Each structure stands twice: as structure tokens, then as C-alpha cells.
Amino acid sequence: MSQAPNSPATKIRWSNVCKRFGDKTVLNGLNLEAKEGRSLVVIGGSGTGKSVLLKCALGLLAPDKGRVEIDGKAVKAGRHDDPGIAQIGMLFQSGALFDSLPVWENVAFRLIQHDKVKRSDAKARAIAALGQVELGADAGEKFPNELSGGMLKRAALARAIVSKPKILFFDEPTTGLDPITADVINHLIRQQVSELGATAVSITHDMASMRVIADDVAMIDQGEIRWQGELSTIDACENERVRAFITAGQHG
Ligand SMILES: Nc1ncnc2c1ncn2[C@@H]1O[C@H](COP(=O)(O)OP(=O)(O)OP(=O)(O)O)[C@@H](O)[C@H]1O
Ligand SMILES: [Mg+2]
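Every value quoted in this text rests on a predicted model; they were computed, and no experiment measured them. (Residues numbered from 1 in each chain as written. Chains lettered and ligands numbered in written order. Predicted model: local features only at pLDDT ≥ 70, side-chain atom pairs only at ≥ 80, totals over all residues. Heavy atoms only, no water.)

It is not clear to me how the packing of aromatic side chains should be interpreted in this structure. Could you clarify?
Where two aromatic rings form a pair, the distance of their centres and the angle of their planes describe that pair. This model, assessed by the stated rule, comprises one aromatic pair. Ring centres 5.0 Å apart and planes at 50° place the aromatic pair Phe-98 and Phe-109 in the tilted group. One end of the pair, Phe-98, is in the loop between strand 6 (88-91) and helix 2 (103-113); the other, Phe-109, is in helix 2, with 11 residues separating them in the sequence. A relative accessible area of 32% places Phe-109 in the partly exposed class. (Phe/Tyr/Trp six-rings, centres within 6.5 Å; stacked < 30°, edge-to-face > 60°. Helix = DSSP H or I, 4+ residues; strand = E, 2+ residues; numbered from the N terminus. Buried < 20%, exposed > 50% of the residue type's maximum accessible area, 1.4 Å probe, protein only.)

Got a minute to help me understand the layout of surface pockets in this structure?
Take a probe with the size of a water molecule and roll it over the atoms, and the empty space left behind shows itself. Here the largest pocket is characterised by a volume of approximately 690 Å³. Lining the largest pocket are 21 residues; nearest its centre among them are His-80, Ile-88, Met-90, Phe-92 and Arg-110. Listed by contribution, the elements that provide at least two residues to the lining of the largest pocket are strand 6, helix 2 and helix 5 (149-161). Grouping the constituent residues of the lining of the largest pocket by class yields 11 nonpolar, seven polar and three charged. (1 Å grid on protein atoms, 1.4 Å probe; cavity = no way out; pocket = protein on both sides within 12 Å on 5 of 7 lines; lining within 4 Å. Points joined across faces, edges and corners; volume = space filled by probe spheres on them. Nonpolar A, V, L, I, M, F, W, Y, C, P; charged D, E, K, R; others polar.)

Would you take a moment to explain the packing of helix 2 against helix 3 (residues 119-132) for this structure?
Working note: a packed helix pair is described by the angle between its axes plus the distance between those axes. Where helix 2 meets helix 3, the axes come as close as 8 Å, and the angle between the chain directions of the two elements is 120°. By the angle between their directions, the pair helix 2 and helix 3 is classed as oblique. Considering how the two elements wind past one another, helix 2 and helix 3 form a crossing that is right-handed. Contact with helix 2, carried on its side by Val-103, Trp-104, Glu-105, Val-107, Ala-108, Leu-111 and Ile-112, involves Arg-119, Ala-122, Lys-123, Arg-125, Ala-126, Ala-129 and Leu-130 of helix 3 and no other residues of that element. Each residue belonging to the contact of helix 2 with helix 3 can be placed in one class, and the counts come to 10 nonpolar, no polar and four charged. (Axes fitted to C-alpha atoms, helices over the stretch in contact; angles between N-to-C directions. Parallel < 35°, antiparallel > 145°, perpendicular 65-115°, else oblique. Left-handed = near helix turned anticlockwise from the far one by under 90°. Contact = heavy atoms within 4.5 Å.)

Hey, could you run me through the site of ligand 1 in this one?
By nearness alone, 13 residues border ligand 1, and Lys-24, Ser-46, Gly-47, Lys-50 and Gln-93 come closest of all. Between ligand 1 and Thr-48 there is a distance of 3.1 Å, counted from an oxygen atom to a backbone nitrogen or oxygen. In this structure, an oxygen atom belonging to ligand 1 sits 2.9 Å away from a side-chain N or O atom of Ser-51. Burial of ligand 1 by the surrounding chains reaches 63%, relative to a free accessible area of 640 Å². For the shell around ligand 1, the element with the highest residue contribution is helix 1 (residues 50-57), accounting for three residues. (Near = heavy atom within 4 Å. Polar contact = N/O pair within 3.5 Å; in protein donor to acceptor, adjacent residues only side chain to side chain. Areas by Shrake-Rupley, 256 points an atom, 1.4 Å probe, with all protein chains shown as cover.)

What's the story with the pattern of salt bridges in this structure? I'm lost.
Any two side chains of opposite charge can pair if their charged atoms end up close together. Under the criterion given, the structure shown has 12 salt bridges. Of the charged contacts in the structure, one is a salt bridge between Glu-141 and Lys-123, with a shortest N-O distance of 2.9 Å. Of the two residues, Glu-141 is situated in helix 4 (residues 137-141) and Lys-123 in helix 3; the sequence distance between them amounts to 18 residues. Exposure remark for Lys-123: the relative accessible area of 25% places this residue in the partly exposed category. Through salt bridges that share partners, Arg-13, Glu-33 and Lys-35 make up one connected network. (Salt bridge = Lys/Arg side-chain N within 4 Å of Asp/Glu carboxyl O.)

Got a minute to help me understand unusual backbone geometry in this structure?
In the Ramachandran plot, Asp-71 falls in the positive-phi region, its phi being about 50° despite a non-glycine side chain. Tracing the backbone through its elements, the reader meets Asp-71 in the loop between strand 4 (65-70) and strand 5 (73-74).

Teacher, can you tell me more about the nonpolar core here?
Looking at soluble globular proteins, one finds that nonpolar side chains tend to be buried together. One finds Ile-43, Val-107, Leu-157, Phe-170, Met-210, Val-217 and Ile-234 to be the most contacted residues of the largest nonpolar core, which totals 49 residues. Ignoring sequence-local partners within four residues, the contact set of Ile-43 consists of Lys-50, Thr-204, Met-207, Met-210, Val-217, Ala-218, Met-219, Ile-220 and Phe-245. (Core = buried A, V, L, I, M, F, W, Y, C linked by side-chain atoms within 4.5 Å.)

This is the structure we're talking about:
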């Protein structure tokens with residue numbers, strides 16, 4: 001594919017990805033690119049396969065057909081040592097913290113287990129990351145079941161960003177948060193991309209959040225990307241599904 005001289009390289013590419021569960025086809029030849037150092041937001045209705053598309057890139061699900069490539073290499077499902085997957089920091093839609101570990105240790109988990117950072121240093125970094133999402137060190141000492149839903153979401157976000165990964169996946173990062181905290185999170189995501197040069201792929205139903213986070217937007221519908229473009233072009237977009245989605249969002 002030809003590329004304009006200054007256009008960023010493709011960091012992640014979904015090529016003809018098909019994923020079925022039983023007789024239900026979720027992804028039906030999906031093609032999508034996330035550009036290096038840019039923030040891509042994927043929008044689309046509930047159950048359209050947004051989380052599945054991230055899980056295919058994370059190697060948690062294997063596509064039935066097609067492939068996901070990171071830095072031009074196909075990711076191998078189920079392989080934690082895959083160099084593409086190892087670059088990803090992930091905020092799961094459910095939060096997915098370990099109940100048996102205090103919050104700081106959840107945040108520091110990858111630093112201790114994967115990056116072999118000394119426990120005391122990892123804790124300091126975890127507490128700093130919790131501070132970025134406006135959680136104090138006291139929240140770090142609690143267990144996940146002692147936090148509110150919004151606090152859990154923020155702790156999960158701290159865990160995703162603590163190791164300053166090259167790639168960040170955020171699945172519904174602001175759902176369930178009050179508007180002020182949501183705004184803090186949106187700007188934090190933006191900052192990860194602008195200051196650290198990360199490549200971000202976020203899923204959101206929150207159109208205000210999309211407008212802060214996104215450089216590029218893609219809309220998934222019936223297993224395929226129906227529209228994609230730069231955020232600045234979305235208001236002029238004539239695709240009916242996109243229009244319905246963004247105008248519904250404007251009215252709450
Ligand atoms: N492991 C699985 N086994 C069976 N079906 C699955 C599995 N994971 C996802 N699905 C199905 O795939 C479809 C897409 O799921 P997915 O979680 O990607 O939706 P989504 O677009 O993220 O929705 P939401 O906005 O509600 O989070 C759903 O019908 C879901 O039930
Ligand atoms: Mg989902």
C-alpha cells in the first residue's frame with residue numbers, strides 16, 4: 001500500500017478477520033488499521049464484536065480466518081512471549097483485577113512478574129500510576145472488593161498504563177464514571193498518546209469521550225468496519241449508521 005511521506009506507519013492491522021461462536025458470525029472479514037502514535041476509537045452497537053476484535057489482537061481469541069499483525073508480524077494466540085502482544089497494556093471492560101491481591105499489587109503485577117522490577121520500586125510506580133487516575137495510596141492498600149465500580153475502573157486503567165506500554169487497549173474506559181472523573185481519564189488517555197507516543201485503541205459508547213480521545217474513528221457494524229476516518233471528518237460523514245450513533249450520543 002502506498003503511504004504519504006509523513007503518514008504514520010501501521011502499528012496493528014486486522015486483515016480479513018473472521019470470528020464465529022457456534023453459528024453466530026461476529027467478525028465477518030474485518031479490516032482495520034491502528035497507526036503508530038495515534039489514537040483510534042472504535043464505536044458500534046452492543047454485541048457487535050468490539051471486545052472480540054481487541055481480544056483477537058491480544059491473542060486471547062484466535063480468528064477463524066484472517067490475521068492480526070503487530071509491527072507486520074502475525075500475533076500468535078495464547079503466546080504471552082509474542083513480541084507484539086507483550087507491547088500491549090490492556091484495560092478490560094470488566095476491570096478484571098485479582099481479588100486476592102491488594103490494589104497496588106494488581107497495578108504492579110506486570111512490573112513484578114514480567115519486567116522483574118524490585119517489589120518496593122514496583123509499589124512506588126504503582127502508587128504513582130494510581131495518583132494519575134486520582135486514587136490515593138490508601139486505595140492502593142485496599143482489596144478490589146472494597147472499591148466502588150468507578151474506583152475499580154480507575155485502578156484497572158492505572159494497571160494498563162503503569163509500564164508505559166507501546167500499545168494501549170481501553171475497552172469502555174469511562175463507562176460508569178462520573179463526568180468529572182471521565183474527563184480526567186479521557187485526558188490521561190490522550191496524554192499517553194501525545195506524550196509517550198503510544199498507539200491506543202479504545203472502545204467507547206461515550207461520544208464526548210470519543211471526541212477527546214480519538215485521532216481516528218472506526219465504526220463496526222455487522223462484523224465489518226462500515227466507516228472509518230479522522231475524527232475531524234466525522235461531523236461531515238454521511239453514513240447513516242454513523243450519523244445515528246453520534247447524534248444519539250449528543251442527546252445523552
Ligand atoms: N468467548 C465467547 N464465547 C461465545 N460467544 C462470545 C464470546 N465472546 C463474545 N461472544 C459473543 O460475540 C458477540 C460480540 O461480543 P463482544 O463482547 O465483542 O461485543 P461488544 O461489541 O464488545 O459489546 P458491548 O458494547 O456490549 O461490550 C456477542 O454476541 C457475544 O455474546
Ligand atoms: Mg464489549
